[in-house]
Amino acid sequence: MLKKKITLKHIARELEVSISTVSKALKNSEEISRETKEKIQAFAKLYNYKPNNIAISLKNKRTKNIGVVIPDIVHHFFTTVVRGIEKYANTKGYNVIVCLSDESFDKEVINMELLANGSIDGFIMSLSSGTQKENDYNHLKEVTEQGIPLVLFDRITNEVDCDKVIIDDALGAYLATKKLIEQNRKRIGIITTSDYLSVSKARTTGYQKALKEFGISEEDELILKMPSMEMNEKLIKEFIKNSQVDAILTVNEIFSIYGMQVAQDLGLKIPEDISFIGFTDGLLSKYANPSLTSIAQHGERMGEISAEMLIQKIESENEEESYKTKILEPTLIERDSTIN
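Reading guide: rules and limits
- Residues numbered from 1 in each chain as written.
- Predicted model: local features only at pLDDT ≥ 70, side-chain atom pairs only at ≥ 80, totals over all residues.
- Heavy atoms only, no water.
- Helix = DSSP H or I, 4+ residues; strand = E, 2+ residues; numbered from the N terminus.
- Buried < 20%, exposed > 50% of the residue type's maximum accessible area, 1.4 Å probe, protein only.
- Contact = heavy atoms within 4.5 Å.
- Polar contact = N/O pair within 3.5 Å; in protein donor to acceptor, adjacent residues only side chain to side chain.
- Phe/Tyr/Trp six-rings, centres within 6.5 Å; stacked < 30°, edge-to-face > 60°.
- Lys NZ or Arg CZ within 6 Å of the ring centre and 35° of its normal.
- Core = buried A, V, L, I, M, F, W, Y, C linked by side-chain atoms within 4.5 Å.
- Pairing = 2+ DSSP bridges.
- Axes fitted to C-alpha atoms, helices over the stretch in contact; angles between N-to-C directions.
- Arc of directions from axis to C-beta.
- Parallel < 35°, antiparallel > 145°, perpendicular 65-115°, else oblique.
- Left-handed = near helix turned anticlockwise from the far one by under 90°.
- Nonpolar A, V, L, I, M, F, W, Y, C, P; charged D, E, K, R; others polar.
- Disulfide = S-S within 2.5 Å.

Draft legend 1. Broad picture of the environment of N95. Secondary-structure assignment places N95 in strand 2 (residues 95-100). Look at N95 and you get partly exposed, because its relative accessible area is 46%. When the C-alpha positions of N95 and D121 are compared, they lie 10 Å apart, and in sequence the two are 26 residues distant. Excluding residues within four positions of it along the chain, N95 makes contact with K64, N65, I66 and N90.

Shown next, in the form of structure tokens:
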């Protein structure tokens, strides 16, 4: 089987190392020991692995298919982006194949290898938290170095030269925090994630900027950095119980919805005693009790723009390499979880 077709996954399994280690070793990374690099490179050579075999079939023919890789399907934002991608792609005669990385670096790499085996003309992706944590983008560079179109949206990296579509996350967090300050909130907390996630880092920066601008000192005890975008009820419950916050900004709506439940269980009234604002203006935000004030990320528009940029690249006869980053403005949608 290995001689028929070999992928990073096969090499990793055979040599009992991670896909990230294989990826870095084949790029001669200094992070990997010489002995491990030599072993991996020798194995790859023996079984005729070529770093560009991900992209080689894409170069020669059109499939009219676009590969989309998203981190999860729980968050409403990603479903709206996919809807936008499909909406635009279908008008141009393209089909959309969606894969889920499930926040895993390994699954992201495997999905790309699977899709690129003659199945698609280009990729639209939002990076998994695992990929941003590993800080390993070799699987993306392999594709772009072969001239295969790639568009990154929402969670991006500057390590890869390609078109990108993002929202101004720092501005969104700034607007939300400013709103809470203007409502005379004194202890404004933020529930975010570790800074390796690009969106969380930007949103934390926007929160800090607003506090500084209004002369409010930043307090470490008012910042909860979750390990990932996955729900951790215990951490949120302890944070709300112990931090004595009177307002909370969260990096997604799910954290806010659960936070409101915790606050109500503690006998706090929303928004009289504590206010909440969350990123992503999804169905949960609209139908929560009370309804949640949100930062709209305009996912459907982001998807449409991503698809438009990708299809332009696929169909372009221009060999010049030029890349754009489109930045959308967030919108604050006021509802019952903040004082009007």
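Now that the structure has been shown, we can carry on.
Draft legend 2. Representation of the side chain of S256 within the structure. Position of S256 relative to the elements: it lies in helix 12 (residues 253-265). One polar contact links the side chain of S256 to the main-chain carbonyl oxygen of I277, over a distance of 3.4 Å. Once you skip the residues sitting within four places of it in the chain, S256 turns out to touch T250, F276, I277, G278 and L292.

Draft legend 3. Looking closely at the packing of aromatic side chains. Inspection of the entire model under this criterion finds 3 aromatic pairs. Arranged with centres 4.8 Å apart and planes meeting at 40°, the rings of F43 and Y47 form a pair that is tilted. Of the aromatic side chains, those joined through ring pairs into one cluster are F77, F78 and F153. Positioned above the aromatic ring of F279, the side-chain terminus of R203 is 4.1 Å from the ring centre. When the ring centre of Y174 is taken as origin, the NZ or CZ atom of K209, which lies over that ring, is 5.2 Å away.

Draft legend 4. Structural context of the nonpolar core. Ranked by internal contacts, the top residues of the largest apolar core, which has 39 residues, are I191, Y207, I236, I248, L249 and F276. Elements with a minimum of two residues in this core: helix 9 (169-182), strand 6 (188-193), helix 10 (198-213), strand 7 (223-226), helix 11 (233-243), strand 8 (247-250), helix 12 and strand 9 (275-279). Residues in contact with I248, not counting those within four places in the same chain, are G189, I191, F239, I240, I274, S275, F276 and I277. Residues V68, I70, V81 and V151 belong to the second largest nonpolar core, which totals 24 residues.

Draft legend 5. Looking closely at the sheet that holds strand 9. Read from one edge to the other, the open sheet built from 6 strands follows the order 7-6-8-9-10-12, with strand pairing classed as mixed. A strand with exactly one partner marks an edge of an open sheet, and here the two such strands are strand 7 and strand 12 (331-333). Adjacent strand axes in the sheet meet at a mean angle of 15° when their direction is disregarded. Pairing between strand 9 and strand 10 (residues 293-296): 3 bridges, direction parallel. When the sheet's bridge partners are listed, I277 is paired in strand 10 with T293.

Draft legend 6. A look at helix 11. Listed in full, the buried residues belonging to helix 11 are I236, F239, I240 and S243. The arc that holds the buried residues of helix 11, viewed along the axis, is 95°, so those residues lie on one side. Opposite the buried face of helix 11, at more than 90 degrees from it, the exposed residues are K234, K241 and N242. Contact partners of the buried residues in helix 11: strand 6, strand 7, strand 8, helix 12 and strand 9.

Draft legend 7. The packing of helix 6 (residues 105-115) against helix 8 (residues 138-145), seen in detail. The N-to-C vectors of helix 6 and helix 8 enclose an angle of 25°; their axes lie 10 Å apart at closest approach. One element, helix 6, and the other, helix 8, form an angle in the roughly parallel class. Our pair here, helix 6 against helix 8, has a crossing hand that is left-handed. Contacts between helix 6 and helix 8 involve F105, E108, V109 and M112 from the former and H139, L140 and V143 from the latter. Here the contact of helix 6 with helix 8 is composed, by residue class, of 5 nonpolar, 1 polar and 1 charged.

Draft legend 8. How the structure looks around the state of the cysteines. Across all of its chains, the model carries 0 disulfides by this definition. Not part of a disulfide, C162 finds its nearest cysteine sulfur in C99, a span of 18 Å. Taking the relative accessible area as the measure of exposure, C162 reaches 3% and is therefore buried.

By themselves, these observations are geometric and do not establish any function.
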